[in-house]
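So you can see what is in the structure, the chains are spelled out below.
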Amino acid sequence: MFSYCYHIGESIEIYNSQDKNLLSKWGFIGKHSKVYDPNLHNYEMVLSTGNLSKMEIPKNSSNNKNKSLSLFQGFIVFQLYLFTSKQLTIEVAISDTTNAKRRLIFSTNNIDLVINQLHCRIPIFKFPIGKWVNLSIDILSFVSKCYKNLTFRSVDYISLSM
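The structure contained in this document is the topic of the report that follows. Residue numbering note: each chain is counted from 1, following its sequence as written. Given that this is a predicted model, residues contribute local features only at a pLDDT of at least 70 and side-chain atom pairs are listed and counted only at 80 or more, while totals for whole chains, interfaces and linings are drawn from all residues. Water and hydrogen atoms play no part in the side-chain values, which are based on all heavy atoms of the structure.

## Things to note about the pairing of strand β6 (residues 89-96)
Alright, step 1. Categorising residues by exposure relies on relative accessible area from a 1.4 Å probe, with only protein chains included: less than 20% of the type maximum marks a residue as buried, more than 50% marks it as exposed, and the intermediate range marks it as partly exposed. Secondary structure elements follow DSSP: runs of H or I of four or more residues count as helices, runs of E of two or more count as strands, with numbering from the N terminus. Here β6 lies mainly inside the structure; eight of its eight residues are buried.
Alright, step 2. Of the two faces of β6, the one holding T89, E91, A93 and S95 and the one holding I90, V92, I94 and D96 are both buried throughout.
Alright, step 3. As defined by bridge partners, β6 adjoins strand β7 (residues 101-107) across seven bridges and the pair is classed as antiparallel. Across the sheet, residue S95 finds its bridge partner in β7, namely K101.
Alright, step 4. Any two strands are treated as partners once DSSP identifies two or more bridges connecting them. Linking β6 back to β7 in an antiparallel pair, the connection comprises four residues, with N99 at a positive phi of about 70 degrees.

## Quick look at the side chain of S161
Alright, step 1. Mapped onto the elements of the fold, S161 is located in strand β11 (residues 152-161).
Alright, step 2. Of the residues examined, S161 reaches a relative accessible area of 9% and is grouped as buried.

## Describing unusual backbone geometry
Alright, step 1. For the bond running from I57 to P58, omega is 0 degrees, close enough to zero to count as cis.
Alright, step 2. Counting through the fold element by element, P58 comes out in the loop between β4 (54-57) and β5 (75-81).
Alright, step 3. Phi at S70 is positive, roughly 60 degrees, even though this residue is not glycine.
Alright, step 4. By secondary structure assignment, the location of S70 is in the loop between β4 and β5.

## Digging into the environment of S53
Alright, step 1. Note on placement: S53 falls in the loop between β3 (42-47) and β4.
Alright, step 2. You can call S53 buried: its relative accessible area is 1%.
Alright, step 3. Among the polar contacts made by the side chain of S53, one reaches the main-chain carbonyl oxygen of K31 at a distance of 3.2 Å. Here a polar contact is recorded for every N or O atom pair within 3.5 Å, except that within protein the pair must consist of a potential hydrogen donor and a potential acceptor, and residues adjacent in sequence are included only if both atoms are side-chain atoms.

## With respect to the pattern of salt bridges
Any two side chains of opposite charge can pair if their charged atoms end up close together.
Alright, step 1. One speaks of a salt bridge when a side-chain nitrogen belonging to Lys or Arg is within 4 Å of a carboxyl oxygen belonging to Asp or Glu. Across all of its chains, the model carries two salt bridges by this definition.
Alright, step 2. K101 is the partner of D156 in a salt bridge, and the nearest nitrogen-oxygen pair spans 3.5 Å. Remark: K101 occurs in strand β7 and D156 occurs in strand β11; sequence separation between them is 55 residues.

Laid out in structure tokens, this is it:
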């Protein structure tokens, strides 16, 4: 999906609420709405807190296994605001140089770090409620800690769910 983008720089934008081209690459499950926030002077995506709401990139990746983000940057930064203390889960699918797929699952529901061959469940503790937060995830560090012999190649999938 982003494999033909300019990757030499330190960052690449994959979400912008005002860019229709970027928004079209995201898939949404459950109730969500795009709301203008006058304090931010920008639009924000609000996921419903009732049932499971999820936003994922690439869109419909569960139906099409051939889609991949192909992001080579080692950091992911999310700007998040939690209205309630409801569960937050961030899933990042990665691949290594041998094209083996693994998942890093960050969640407020996890109590302990759980590592197995296919995924690593990482707890998120004390996430601030009612504040905007820049959540920065160092993918390279988590990959090296969770999978000792794995050489990171790319981020293939990202999802946020509540």
